[in-house]
Amino acid sequence: MIERRSLLEWRPENLAAHLGKLGEPPYRARQVFDWALMRGATRFADMTDLPRSLRDTLAKELVIRCATEIRRSEAPDGTLKLLLAWRDGATTESVMIPAEGNRRRRTVCLSTQVGCDVGCRFCASGIGGSLRNLSVGEILEQAVTIDSVLAGRGERLTHVVFMGMGEPLANYRATVEAVRRINAPWSLGIAQRRITVSTVGLPRQIIRLADEGLQITLALSLHAARESLRRDLIPWATHAPLAELLAACRFYLEKTGREVTLEYCLLAGVNDRQEDVQELAHIARHIRAHVNLMMYNPVDSLPFKRPSRGGAIAFLAALRERGINAHLRESRGLEAAAACGQLRRSHVGRSRMRDDSTT
Ligand code: SF4
């Protein structure tokens, strides 16, 4: 049987061209996308303002959503995590994080790859490396799925971060096209300033991104301000010396006028000492970046520990004393296994146990 194509891999103009061959007017394409993206339709049969014959034809050729929801977990603070299985059986995670104190802000954290080659020592997603890139439709579908869940509760998605499984800039074309589609008025219409792309640092791709004419935020996952420690924590960093990376960030700031964010995950006894504050402040000042501190979410089988809250607040205060614009991001959804890759890892672990028991 021929596999039906995925609607979300297309833009309305692609669908309009296809519908033209069927003798349908171009505006039908906008109707279909409106149903699929804004009204949460998962079946062409539900698109009641389309002729029945067209609905039947589309249903034979196309599929609206490709993923199957394998698991859903929700923390008491409202953080919602979905484990999605794609048509080839690959699984990825998408997380919705409600902001504290802002009752309407709803952020989705999207994955861009199945697994990740960056190999951060403290991350569950990096274990096992990267299996494949996600397509633009698969990235968009994560946002649409989360938005539909929210719509069922009378809420909508307001912010998007490309900070889930995978290195977004290693899947450059799909990531940039997904940004454009999430922003498009015919799609979710989320403002570019509410979209953040997070990278561990590929200098050439950062420069390319600066030239895309987008107004998104670039977040650099720094995690260590000293070259040797960074290479220990992020094996991939050997390909991108800090000096080169910081020059690319500086270029991004100058070209787009958008300040870069430095993401810094505090690991107890590893990167949260006084000398780390000094080095981090030096870098932040050099590229005029602000700093987002996070407290590590422990992962079973990895040796890293979460710092005490008091220690994290002292680190934050020491940065601010040095004139750095810094925040401590509240760790959300520990109960939903919100640390990157944990839900998938527990699912893969269980599947393996099942497989092992059958051999
Ligand atoms: S933290 Fe991000 S970049 Fe690092 S291994 Fe995990 S998914 Fe990859």
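Residues numbered from 1 in each chain as written. Predicted model: local features only at pLDDT ≥ 70, side-chain atom pairs only at ≥ 80, totals over all residues. Heavy atoms only, no water.

**A few points about the confidence of the model for the protein**
- The predicted model of the protein has a mean per-residue pLDDT of 90, with 90% of residues at 70 or higher.
- Mean pLDDT in the protein bottoms out at helix 11 (residues 342-358), which sits at 45, and peaks at helix 5 (residues 172-183), which reaches 98.
- Contacts from residues 334-338, a stretch scored under 50 in pLDDT, to residues over four places away or in other chains number 17 contacts.
- Segment residues 349-359 is flagged for pLDDT under 50; beyond a separation of four residues in sequence, or across chains, it makes 1 contact in the model. (pLDDT = per-residue confidence, 0-100. Helix = DSSP H or I, 4+ residues; strand = E, 2+ residues; numbered from the N terminus. Contact = heavy atoms within 4.5 Å.)

**As for the nonpolar core**
- Formed by 94 residues in total, the largest nonpolar core has its most connected members in Leu15, Phe162, Leu262, Leu280, Val291, Leu293 and Leu319.
- With 8 residues, the top contributor of residues to this core is helix 4 (residues 136-151).
- Apart from the residues lying within four places of it in its own chain, the contact partners of leucine 319 are Val277, Leu280, Ala281, Val291, Leu293, Ile324 and Ala326.
- One finds Val200, Leu229, Cys265 and Tyr296 within the second-largest nonpolar core, a separate group that totals 19 residues. (Core = buried A, V, L, I, M, F, W, Y, C linked by side-chain atoms within 4.5 Å. Buried < 20%, exposed > 50% of the residue type's maximum accessible area, 1.4 Å probe, protein only.)

**Overview of the packing of aromatic side chains**
- Taken as a whole and assessed by the stated rule, the structure comprises 5 aromatic pairs.
- Look at phenylalanine 33 and tryptophan 186: their rings are 5.4 Å apart centre to centre, the planes differ by 75°, and that puts the pair in the edge-to-face class. In this pair, phenylalanine 33 is assigned in helix 2 (residues 27-38) and tryptophan 186 in the loop between helix 5 and strand 10 (195-199), connecting sequence segments 153 residues apart. Tryptophan 186 shares its class with phenylalanine 33; the two are buried. (Phe/Tyr/Trp six-rings, centres within 6.5 Å; stacked < 30°, edge-to-face > 60°.)

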